[in-house]
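Chains, contacts and geometry: an overview
Single-letter residue listing:
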Amino acid sequence: MSPSTEFTRGHRLILELSLLIGIGLLLILPSIGTRDLWLPDEPRYAQVAREMVLSGNYLVPHLNGEIYPEKPPLFFWLSALLQQLGFGVNAGRLVSGTALIGTILLTRFMTSQFTSARAGLLAGVILATTYLFGWIGRLGVLDLPLCFFTTLSALALLRARNSPRWIVVSFAALALGVLTKGPVALLFWLTLALSLTIATPRGPRVLRSRNGLFGIFVFCAILAAWLIPACLYGGAEYTETILLKQSAGRVMKSFAHLKPWHYYLVRIPIVTFPWCVLLPGVALWQLREWKKKKQEDDAFQSTNEASRSFLSPRILLVWLLLSLIVFSLISGKRERYLTPLLPPLAILLTVYLEQALSRSGHSPLKERPFVLLRGACGLLGLAGASLILVAAAWPWVGSFITQSRGLGDVSPDSLSPVQLALSFSLGAGILCLSLFALHRKTRTRMERLPWILASQMILISIVFDVVATPTMNDLKSPRLVAIEAMALLKNSGAKEIALFPQDYAGAFNLYLGRIALPVLQDADSLGTFLEAKEPRVVIARRDSIEYFGGLPEIPMRMLSAGRIGRRQMVFLVNDRVPKRDEPRTATQDIEVPHD
């Protein structure tokens, strides 16, 4: 290999990595600067990390001054570290965003190592522009860090078949995944190991080797280093919750997010948009290959003879299907739980496109995927045209939304001229890309279509962050209600403030700057709290008052506090709070419902 060839390859690698990192930054940075932390998870996780910093207790997470046994600590450790470095409430989102970029790069390396360099770049772009992946990467939640560690563990497991020492890396990454979100990380690893056993003649024999045993030891040691002292500190209740309720409890009969078995089947087209248009083609392609009983390395062309059996379409498909079956059997379901499946799906779609490009002639297997991509580009073009129309007619559109949906915050004045101009321009760009995809000359250069579709998704992402997100922010964030609560406390001289009930424990702690807020569980405890002789305030959901059958017969008033989403929030104050000291937005009393 000549020095010039090595330089060219190194230069290409730097350009590819720079492109993928740039796409990742375009997905995460605009969101950080245009919104607060959104309910329900972001403020809660930020408060857990904040309490770690303030208390100095990094062993067991705490929320609202009490032990928080719902999640392991790794995500909170990283968020707390960034908070100490000065990143504040954005720390969790930076952890998630860094994991997003890292997962894109891991997917690129996994694909290029087992197929081709060109396929690696395309797989990274497909993953980055998949709806669910880009959306979860904006949120300061645990799913993207989990996805990063499961992808790293999978890559190391595949590498271990050539270099057995990589199995230790696989088990170490797996342990970090468990420390991020619990035993769910094991499911993705086990389904891959089972897929290798089913789809290839040799199973993952490396697991039975000396390196495999050492990897298991490393896995257990990493978990035990935290779990044993944490359980000793937290006690029997904490141990039962973290080991049983958060794993077996969610599998058998979930206490949260209980959904039917077919929930994910219905959501797959949404979470994989816009690349979901390729899924029927992938199914037909693999069905045809299986009917012909071909060997798995006949399904696509690869220059690496040894790697074909490592990451073939068959292994990817079995891995995805097994994981989907397992997660469909678990009672607790959310769309974001499928995030770790998106990297192998992006690789499978890339292999499908690569094998279509490698075929000669005009066979259906060659043309079908690009017909589907052209249709997706046209669909996004309609979205671009809609953006142009909405931006041009926003005064009328804003008034219509306000009147028809009852959302007073979405008014004709809620978007600035700069936002409208940007929406118009980006909508025009999306529409032009769609017209380019439908142009006759583009049909002869089918390899351009995935890049056009990815570019449209990036533009839509920017529009969402810069235009839609600021408009939705006040409806998704508790910050404005917290500001009004602080004004009410200051003006009335009240020292005590409580929550009724605990739905937003953590969210208001964060924005009120308090570690612990009393949580009132029923109308009796509410009455006891407000019967005090000093001024007191309660932040409550109005529908919770109706749920508990009204309020106790004690002197109190209900003041308007605003909305969080479609839930109306109110302040309940006792008669020690003077009426003249009501906060700025609480202009009138509301009738108090009683039994």
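Just above, that's the structure.
What comes next is a walk through the structure.

**Focus on the overall build of the protein**
Counting its secondary structure elements, the protein contains 23 helices and 7 strands. For the protein, buried positions account for 53% of its 595 residues. In the protein, of all internal contacts separated by at least 6 residues, the share reaching a separation of at least 24 is 75%. Carbon and sulfur atoms make up 63% of the accessible area of the protein, which totals about 26600 Å².

**A short note on the packing of helix 5 (residues 117-128) against helix 19 (residues 449-476)**
The N-to-C vectors of helix 5 and helix 19 enclose an angle of 30 degrees; their axes lie 10 Å apart at closest approach. The pairing of helix 5 with helix 19 is recorded here as roughly parallel in orientation. Crossing geometry of helix 5 relative to helix 19 is assigned as left-handed. Side by side, helix 5 and helix 19 meet where Leu121, Leu122 and Val125 of the first sit next to Pro450, Trp451 and Ala454 of the second. The class makeup of the residues in the contact of helix 5 with helix 19 is 6 nonpolar, no polar and no charged.

**Things to note about the packing of helix 4 (residues 91-114) against helix 7 (residues 143-159)**
Relative to each other, helix 4 and helix 7 sit at 25 degrees, their axes nearing to 8 Å. One way to sum up the angle between helix 4 and helix 7 is to call them roughly parallel. By crossing handedness, the relation of helix 4 to helix 7 is classed as left-handed. Contacts between helix 4 and helix 7 involve Val95, Ser96, Ala99, Leu100, Gly102, Thr103, Leu106, Thr107, Met110, Gln113 and Phe114 from the former and Leu144, Pro145, Cys147, Phe148, Thr151, Leu152, Ala154, Leu155, Leu158 and Arg159 from the latter. A per-class count over the contact of helix 4 with helix 7 returns 14 nonpolar, 6 polar and 1 charged.

**Overview of the pattern of salt bridges**
Here the structure, examined in full by the defined rule, presents 16 salt bridges. Here Asp41 and Arg334 are joined by a salt bridge, their closest N and O atoms 3.3 Å apart. One end of the pair, Asp41, is in helix 2 (residues 41-55); the other, Arg334, is in the loop between helix 13 (313-329) and helix 14 (342-358), with 293 residues separating them in the sequence. Across the pair, Arg334 and Asp41 agree in class, each one buried. A salt bridge links Arg336 to Asp143; its shortest N-O distance comes to 3.8 Å. With Arg336 in the loop between helix 13 and helix 14 and Asp143 in helix 7, the pair connects residues that are 193 residues apart, well separated along the chain. The exposure class assigned to Asp143 is buried, which follows from its relative accessible area of 3%. Here the salt bridges share partners, and the residues they tie into one network are Asp41, Arg44, Asp143, Lys181, Arg334 and Arg336.

**Some points on helix 20 (residues 479-492)**
The terminal C-alpha atoms of helix 20, which comprises 14 residues, lie 20 Å apart, in line with the 20 Å expected from a rise of 1.5 Å per residue. Those residues of helix 20 not exposed but buried are Val481, Ala482, Glu484, Ala485, Leu488, Leu489 and Ser492. Along the long axis of helix 20, the arc covered by the buried residues comes to 160 degrees, so they all point the same way. Buried-residue contacts for helix 20 involve strand 3 (496-500), helix 21 (507-512), strand 4 (536-541), strand 5 (556-564) and strand 6 (567-574). Taken from the residues just after helix 20, Gly493 is the one with a positive phi, measuring 80 degrees.

Cut-offs and rules
- Along each chain, residues carry numbers from 1 onward, in the same order as the chain's sequence is written.
- A pLDDT threshold of at least 70 governs which residues receive local features in this predicted model, and a stricter bar of 80 or more applies before side-chain atom pairs are shown or counted, although totals over entire chains, interfaces and linings include all residues.
- Here the side-chain values reflect all heavy atoms present in the structure, with hydrogen atoms and water set aside.
- Secondary structure elements follow DSSP: runs of H or I no shorter than four residues count as helices, runs of E no shorter than two count as strands, and numbering proceeds from the N terminus.
- Note on classification: 1.4 Å probe, protein chains only; a residue is buried when its accessible area is under 20% of the maximum for its type, exposed when over 50%, partly exposed between these limits.
- Residue contacts are defined here by distance: any two heavy atoms, one from each residue, within 4.5 Å place the two residues in contact.
- In short, Shrake-Rupley with a 1.4 Å probe defines the accessible areas, and a residue's cover is counted only from the protein chains shown.
- Axis lines are fitted through C-alpha atoms, for helices just across the contact stretch, and the angle between N-to-C directions can take any value from 0 to 180 degrees.
- If an angle is under 35 degrees, it is roughly parallel; if it is over 145, roughly antiparallel; if it lies from 65 to 115, roughly perpendicular; otherwise it is oblique.
- Crossing handedness follows the turn of the near helix against the far one: under a right angle anticlockwise gives a left-handed crossing, and clockwise gives a right-handed one.
- Polar here means any residue outside two lists: the nonpolar Ala, Val, Leu, Ile, Met, Phe, Trp, Tyr, Cys and Pro, and the charged Asp, Glu, Lys and Arg; Gly therefore counts as polar.
- Salt-bridge detection follows one rule: a side-chain nitrogen of Lys or Arg within 4 Å of a carboxyl oxygen of Asp or Glu.
- Multiplying 1.5 Å by the residue count of a helix minus one yields the expected span of that helix.
- Relevant arc is that of directions from the helix axis to the C-beta atoms, nothing else.

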